[in-house]
Amino acid sequence: MTTLFTRYRLGSLALPNRVVMAPMTRVRAAAGGLATPSMARYYAQRATAGLIVTEGVQPSLVGQSNPGTPGLYTDEQVASWRPVTDAVHANGGRIFAQIMHGGRVSHPETTGLRPVGPSAVPAVGEVFTPSGRLPAPTPRALETAEVPEHVQSYADAARRAVDAGFDGVELHGANGYLISQFLSSNANLRTDRYGGPVANRIRFAVEAAAATAEAVGAERTGIRLSPAGPFWGVEETDVPELYGALLAELSRIGLAYVHLEATTDEETLLGLRRAWPGALVMNPVPPLGPKQTGRADADHWLGLGADLISFGRAFIANPDLVERLRTGLPIAPADEATYFEGGDRGYLTYPAYQHSA
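Presented here is an overview of the structure given in this document. (Residues numbered from 1 in each chain as written. Predicted model: local features only at pLDDT ≥ 70, side-chain atom pairs only at ≥ 80, totals over all residues. Heavy atoms only, no water.)

## A short note on the overall build of the protein chain
Item 1. For the protein chain, the count of helices and strands is twelve helices and 14 strands.
Item 2. At 19 Å, the protein chain has a C-alpha radius of gyration in line with the 21 Å of a compact globule built from 357 residues.
Item 3. Residues classed as buried in the protein chain amount to 59% of the 357 residues present.
Item 4. Long-range contacts, defined here as pairs at least 24 residues apart, represent 69% of the contacts in the protein chain between residues at least 6 apart.
Item 5. Approximately 13,300 Å² of the protein chain is accessible, and the part contributed by carbon and sulfur atoms is 53%. (Helix = DSSP H or I, 4+ residues; strand = E, 2+ residues; numbered from the N terminus. Rg over C-alpha atoms; globule rule 2.2 N^0.38 Å. Buried < 20%, exposed > 50% of the residue type's maximum accessible area, 1.4 Å probe, protein only. Contact = heavy atoms within 4.5 Å. Areas by Shrake-Rupley, 256 points an atom, 1.4 Å probe, with all protein chains shown as cover.)

If you want it as structure tokens, here you go:
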């Protein structure tokens, strides 16, 4: 019987368990998008996970969504990540970098550049900037001839990630960011080969995945998706058809895994499980939901055919989450006020479980 603690082979990686640390924005990078010694400690503390997926890492300056996030597009950024990957590996862990192009979810105050997107349609809501939350600006619609350079930015960042010591990369195709914007039926109003029918709206995602797989190997490339997720105002009107078509194309590339968020009904998700022949990472609790993933959620989805289970918020306050899940210890709650405040409080200050004498 498969449990969270059954070993799993993911490409060339032997995972000691099926617990994945989900990507979570923590905005602790230094100026210039550099990783820091605190980030190395943070990820190394959680190296007992079968696999760690980092916070979103921008593949270009225009791809940066939030202030304080790290990048993988300069030599200095690559050098800053090496102590992070070394620390995780020294603790026996495995780590993928999540490559995240924010697309329209950005602001000139953050990057000095006008955000880009599939169409000139602003995101819904306020974005984070150095001076606080501001309304999302209207992005500049990418010209058809420009799209390939943004496709290629994922592959270039992946190459840099491997150079920095990462075991692989996950493309952020979820949560209303650039790949998700191209998939969307309301953020993408294009009439060229990247817009309109499903076959065109999946094209950007497929090209980004194919370019990345070619750059670093399909066995080192995963993708995260949020079917029907309502993030930043994106809508998808034809979810089973859209994601069925996308998974069919991705299966030809042979990606290491697909990472699904439970952002639609279980029946649809089970259909996508059947449509995807490879490894499936399931994130059982929607990111905008009120609860964090627990052992029961994990066991439920392992029983439904998921191969690996990702835990987000539970990993923030529980660096020893794997051991707590294994032994039934309480899962400590995280202090949400410290999620994005910077510094080490609420980042490195959560202890392992203290057994009373």
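## Brief notes about the packing of helix 1 (residues 37-45) against helix 2 (residues 75-90)
Item 1. Two numbers describe how helix 1 lies on helix 2: the axes approach to 8 Å, and their chain directions differ by 25°. On the basis of their axis angle, the class for helix 1 and helix 2 is roughly parallel. The element helix 1 and its partner helix 2 pack so that their crossing is right-handed. Facing helix 1, whose interface residues are M39, A40, Y43 and A44, helix 2 presents W81, P83, V84, A87 and V88.
Item 2. Among the residues forming the contact of helix 1 with helix 2, the class breakdown is nine nonpolar, no polar and no charged. (Axes fitted to C-alpha atoms, helices over the stretch in contact; angles between N-to-C directions. Parallel < 35°, antiparallel > 145°, perpendicular 65-115°, else oblique. Left-handed = near helix turned anticlockwise from the far one by under 90°. Nonpolar A, V, L, I, M, F, W, Y, C, P; charged D, E, K, R; others polar.)

## Points about the packing of helix 8 (residues 239-253) against helix 9 (residues 266-275)
Item 1. In contact at an axis separation of 10 Å, helix 8 and helix 9 are set at 20° when each is read in the N-to-C sense. Of the possible angle classes, the one that applies to helix 8 and helix 9 is roughly parallel. Pair helix 8 / helix 9 crosses with right-handed handedness. Along the contact surface, helix 8 presents V239, P240, Y243, G244 and L247, while helix 9 presents T268, L272 and A275.
Item 2. The class makeup of the residues in the contact of helix 8 with helix 9 is six nonpolar, two polar and no charged.

## Some remarks on helix 9
Item 1. Turning to helix 9, its buried residues number three or more, namely T268, L269, L272 and R273. Around the axis of helix 9, the buried residues are gathered within 145° of arc, so they sit on the same side. Pointing more than 90 degrees away from the buried face of helix 9 are the exposed residues E267 and R274.
Item 2. Looking at the buried positions of helix 9, the neighbouring elements they touch are helix 8, strand 12 (257-261), strand 13 (279-283) and helix 10 (295-303).
Item 3. The opening residue of helix 9 is D265, an N-cap whose side-chain oxygen sits 3.2 Å from the backbone nitrogen of E267. (Arc of directions from axis to C-beta. Polar contact = N/O pair within 3.5 Å; in protein donor to acceptor, adjacent residues only side chain to side chain.)

## Here's the deal with the sheet that holds strand 4 (residues 51-57)
Item 1. Pairing within the closed barrel is parallel, and its eight strands lie in the order 3-4-5-10-11-12-13-14. The sheet shows a mean angle of 25° between the axes of neighbouring strands, direction not considered.
Item 2. Pairing of strand 12 with strand 13 involves five bridges; the strand directions are parallel. Directly across from E261, in strand 13, lies its bridge partner N283. (Pairing = 2+ DSSP bridges.)

## Details of the pairing of strand 12
Item 1. With five of five residues buried, strand 12 lies mostly within the body of the structure.
Item 2. Because side chains alternate across strand 12, one face comprises the buried residues Y257, H259 and E261, and the other comprises V258 and L260, equally buried.
Item 3. Pairing of strand 11 (residues 221-225) with strand 12, which is carried by four bridges, proceeds in the parallel orientation. In the strand pairing of strand 12, L225 is matched with L260.

## Describing unusual backbone geometry
Item 1. Phi at N175 takes a positive value of approximately 60°, unusual for a residue other than glycine.
Item 2. Structurally, the position occupied by N175 is in the loop between strand 10 (168-172) and helix 5 (178-183).
Item 3. On the basis of relative accessibility, which here comes to 11%, the residue N175 falls in the buried class.
Item 4. Residue A228 is not a glycine yet carries a positive backbone phi of 65°.
Item 5. For A228, the location among the structural elements is in the loop between strand 11 and helix 8.
Item 6. A residue is classified by how much of its surface remains accessible, and A228, at 31% relative accessible area, is partly exposed.

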